[in-house]
Amino acid sequence: MSFAWPGFADIDPIAFATFSIAVELLGIAAAMEAIMKTRTSPGAIAWTLSLVLMPTLVLPLYLVFGRRKFRGYRKARRLGSSPMQQMAHVLSSHLQTYLTAPPAPHAVLERVAQMPFTSGTQATLLINGNSAFATLFDAIEKARDYVLLEYYIVRDDALGQALSELLIRKARTGVRIFFLYDEIGSYQLHNNYIRQLIESGVDIRSFHSTKGRRNRFQLNFRNHRKIAVVDGEFGMVGGMNIGDEYVDRHPVLTPWRDTNIALGGPAVQCLQLVFLEDWYWACEHIPALNWVPLPPQGATATMLIIPTGPADSLESCVLSVLHLINSAQRRLWIVSPYFVPDPAVISALQLAAMRGVDVRILLPEKPDRRLVWLSSFAYLDDVQTVGIHVYRYHAGFLHQKVWLIDDECAMVGTTNLDNRSFRLNFEIGTLTFDKAFADQVETMLMADFAQSRLLGPQQLAGRNWWFRLAVRCAHLLAPIQ
């Protein structure tokens, strides 16, 4: 008597064996690549065992999530791409008057960012979406020549439609609009939204992270930047994308707590170059832009634009984060919606607290991504044992990415304290040195702390077994969350 599993009776055993051997050999080849190129030993071990033992299941995952570098992207300041290199030279020639000595001890950040410190910048703090988008829409309304927009998420909702209508109207008056979005972050964006913009003269493109034969499967890399530039005179950066949730219309997470920064002066030209590099990657086109800075009267801030991403030769985001933590002497306040740092960042935070720095970390009480929220519990006990104060914001969802360092240094940008921002996303930060601006950030964060609860010790140990297991499982997925 013989028995065959349903559906397997017609399978050719020789073909099946050939297929299995081929997949195993591909798994072994991928495992060898993982051994040679994976950033950390635990990561190399995890990929190697999985690829050898379960190649059919794991090999597709490795193609998507195993990549360490973004292929083909070229930064003019770093590797040299002729058209972009010319733009970098043009920018450099116009910035000479505004170049300034880096505030001690931050000179190394110029090498990390491949950008200069500039003086004469005006920095304006924009608290929450209504203020930020009113400022942005007003700047676009006043545009005379061009508008540059770059966002991770663009939604076809009320806010997205309001922006679309404004852009269409400005484009019809002759203002050039260049609009870049991340196709993975904006996967829900309707084709009709894009078509209407194109038909009205708006040049809208996806970042195209899968561009090129070698990048076909690199779905794990994202352009997480949020940049706006108008006429080379106004710039804006921060945590806010284009969507109703950012103006308090989320059905669950409202009110939405976020922060942007508006810029005027030479830092806008630096911001413009970052946009142009991303735009050139997407479509290999360089529009004519204004490279002559126009510093607002009375502007006193010194600023460094810090772009980071997986195309950099070094881990620029981790390096800049570690430097800022290590530079703190009196105060280090960090606000992030996600807290899944690597061991080096944990150690730096611990050392800062041990040398007497007032280290505070503000995280959301409500999660928008439950896996990342669970992962954060794996780190809380490690930082709290040395006197780091961790707060949970309870007056809505906290999405801002803000740092306050000592008395004069503040950073507003797009970088989260997680592996995705550190190694997989294109991010941007504005490091500002100005006592008046830092005081405004301090006032803002003190109001946020007043609407937060200070966590007690042993956040994970006091939980039940199932919760601790869920935290550990989520922690295993931290590199790809």
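Up top is the structure.
Quick caveat, the model's predicted, so the values are computed rather than measured. (Residues numbered from 1 in each chain as written. Predicted model: local features only at pLDDT ≥ 70, side-chain atom pairs only at ≥ 80, totals over all residues. Heavy atoms only, no water.)

Asker: Can you tell me about the overall build of the protein, naming the residues and giving the values?
Answerer: Looking only at helices and strands, the protein features 15 helices and 20 strands. Within the span of the protein, comprising 481 residues, buried residues form 56% of the whole. Put simply, 80% of the contacts in the protein that link residues at least 6 apart link residues at least 24 apart. Working note: accessible area of the protein is about 20,700 Å², and carbon and sulfur atoms make up 59% of it. (Helix = DSSP H or I, 4+ residues; strand = E, 2+ residues; numbered from the N terminus. Buried < 20%, exposed > 50% of the residue type's maximum accessible area, 1.4 Å probe, protein only. Contact = heavy atoms within 4.5 Å. Areas by Shrake-Rupley, 256 points an atom, 1.4 Å probe, with all protein chains shown as cover.)

Asker: Quick rundown of a nonpolar patch on the surface? Include the residues and the values.
Answerer: Together, Ile-21, Leu-25, Ile-28, Met-32, Ile-45, Leu-49, Val-52, Leu-53, Met-54, Leu-57 and Leu-61 give the surface a local cluster of nonpolar side chains, amounting to about 1,100 Å² of exposed area. Mapped by element, the contributors of at least two residues to the nonpolar patch are helix H1 (13–37), helix H2 (41–53) and helix H3 (55–65). Structurally, the position occupied by Met-54 is in the loop between H2 and H3. (Patch = residues over 30% accessible without salt bridge, like charges linked within 9 Å, V, L, I, M, F, W, Y side chains within 5 Å. Salt bridge = Lys/Arg side-chain N within 4 Å of Asp/Glu carboxyl O.)

Asker: Could you give an account of the pattern of salt bridges, naming the residues involved and the relevant values?
Answerer: Counted according to the given criterion, the structure contains 18 salt bridges. Across the salt bridge formed by Arg-155 and Glu-245, the nearest N and O atoms sit 2.9 Å from each other. Here the residue Arg-155 occupies a position in the loop between strand S2 (146–151) and helix H7 (158–172), and Glu-245 occupies one in the loop between strand S7 (234–238) and strand S8 (256–257), the gap between them amounting to 90 residues. Among the residues examined, Glu-245 registers a relative accessible area of 8% and is labelled buried. Because the salt bridges share partners, they merge into one network encompassing Arg-144, Asp-231 and Glu-233.

Asker: Describe the side chain of Thr-432, naming the residues involved and giving the relevant values.
Answerer: The topology assignment puts Thr-432 in strand S19 (residues 425–433). Using a relative accessible area of 0% as the deciding quantity, one classes Thr-432 as buried. Thr-432 has contacts with Ala-123, Ile-261, Ala-301, Thr-302, Met-303, Glu-408, Cys-409, Ala-410 and Phe-437, leaving out every residue within four places of it along the chain.

Asker: An account of the packing of H7 against helix H8 (residues 191–199) is requested, with residue identities and associated values reported.
Answerer: Two measures define how a pair of helices packs: the angle their axes make with one another and the distance between the axes. It is at 9 Å that the axes of H7 and H8 come closest, and there the two elements cross at 15°. Between H7 and H8, the interaxial angle falls into the category roughly parallel. The two elements H7 and H8 meet at a crossing, and its hand is left-handed. Here Gly-160, Gln-161, Ser-164, Leu-167 and Ile-168 of H7 come into contact with H8, specifically with Tyr-193, Gln-196 and Leu-197. Looking at the contact of H7 with H8 residue by residue, the classes come out as four nonpolar, four polar and no charged. (Axes fitted to C-alpha atoms, helices over the stretch in contact; angles between N-to-C directions. Parallel < 35°, antiparallel > 145°, perpendicular 65-115°, else oblique. Left-handed = near helix turned anticlockwise from the far one by under 90°. Nonpolar A, V, L, I, M, F, W, Y, C, P; charged D, E, K, R; others polar.)

Asker: For the nonpolar core, give the residues involved together with the corresponding values.
Answerer: Formed by 147 residues in total, the largest nonpolar core has its most connected members in Leu-136, Leu-149, Phe-179, Leu-332, Phe-339, Leu-349 and Trp-403. Among the elements that line this core, the one with the most residues is helix H9 (residues 266–283), at 13 residues. Once you skip the residues sitting within four places of it in the chain, Phe-179 turns out to touch Leu-149, Tyr-151, Val-154, Leu-163, Leu-167, Leu-197, Val-202, Asp-203, Ile-204, Arg-205 and Trp-279. Formed by eight residues, the second largest nonpolar core is a distinct cluster that contains Ala-30, Trp-47, Val-58 and Tyr-62. (Core = buried A, V, L, I, M, F, W, Y, C linked by side-chain atoms within 4.5 Å.)

Asker: Please set out the environment of Arg-222 residue by residue, giving values where relevant.
Answerer: Along the chain, the position of Arg-222 falls in strand S5 (residues 222–223). For Arg-222 and Gly-309, which are 87 residues apart along the polypeptide, the C-alpha to C-alpha distance reads 9.2 Å. Contact partners of Arg-222, with chain neighbours within four places excluded, come to Tyr-152, Asp-182, Ile-184, Arg-420, Leu-424, Asn-425 and Phe-426. A distance of 3.5 Å separates polar atoms of two side chains, one belonging to Arg-222 and the other to Tyr-152. (Polar contact = N/O pair within 3.5 Å; in protein donor to acceptor, adjacent residues only side chain to side chain.)

Asker: Lay out the pairing of strand S14 (residues 389–393) in plain terms, naming residues and giving numbers.
Answerer: Counting buried residues along S14, four of its five residues qualify, which places the element largely inside the surrounding structure. Pairing of strand S13 (residues 358–364) with S14, which is carried by five bridges, proceeds in the parallel orientation. The residue bridging Leu-363 from the neighbouring strand is Arg-392, located in S14. Handedness of the crossover is the feature at issue here: the chain leaves S13, passes through helix H12 (residues 370–384), returns alongside S14, and the resulting connection is right-handed. Across three bridges, S14 lies against strand S20 (residues 452–454) in antiparallel orientation. By the bridge assignment, Tyr-393 is partnered in S20 with Ser-452. (Pairing = 2+ DSSP bridges. Right-handed = clockwise from strand over helix to strand, strands pointing away.)

Asker: Account for helix H10 (residues 316–327), with residues named and values stated.
Answerer: For H10, with twelve residues, the first-to-last C-alpha span of 16 Å sits near the 16 Å given by 1.5 Å per residue. Most of H10 is tucked away, with ten of its twelve residues classed as buried. Of all the positions in H10, only Ser-316, Cys-317, Val-318, Ser-320, Val-321, Leu-322, His-323, Leu-324, Ile-325 and Ser-327 are classed as buried. (Expected span 1.5 Å × (residues − 1).)

Asker: So what's going on with the packing of aromatic side chains? Which residues, and what values?
Answerer: The full count for this structure, using the stated rule, is nine aromatic pairs. Both rings, one in Phe-207 and one in Phe-426, keep their centres 5.3 Å apart while their planes meet at 65°; by these two values the pair is edge-to-face. Of the two residues, Phe-207 sits in the loop between strand S4 (203–206) and S5 while Phe-426 sits in strand S19, which places them 219 residues apart along the sequence. Both residues of the pair, Phe-207 and Phe-426, count as buried. Positioned above the aromatic ring of Trp-333 is the side chain of Arg-331, whose terminal nitrogen or guanidinium carbon lies 4.8 Å from the ring centre. Above the plane of the ring of Phe-449 lies Arg-360, whose end atom (NZ or CZ) is 5.2 Å from the centre. (Phe/Tyr/Trp six-rings, centres within 6.5 Å; stacked < 30°, edge-to-face > 60°. Lys NZ or Arg CZ within 6 Å of the ring centre and 35° of its normal.)

Asker: Talk me through unusual backbone geometry; I want residue IDs and the actual numbers.
Answerer: Across the junction of Ala-104 and Pro-105, the peptide omega takes the value 0°, indicating a cis bond. Cis geometry marks the peptide bond from Thr-254 to Pro-255; its omega dihedral reads 0°. On the secondary structure map, Pro-255 appears in the loop between S7 and S8. Of note in this structure, Glu-284 is not a glycine but carries a positive phi near 55°. Assignment of secondary structure puts Glu-284 in the loop between H9 and strand S10 (301–308). The exposure class of Glu-284 is exposed, given its relative accessible area of 56%. One non-glycine residue, Asp-406, lies in the positive phi region at around 55°.

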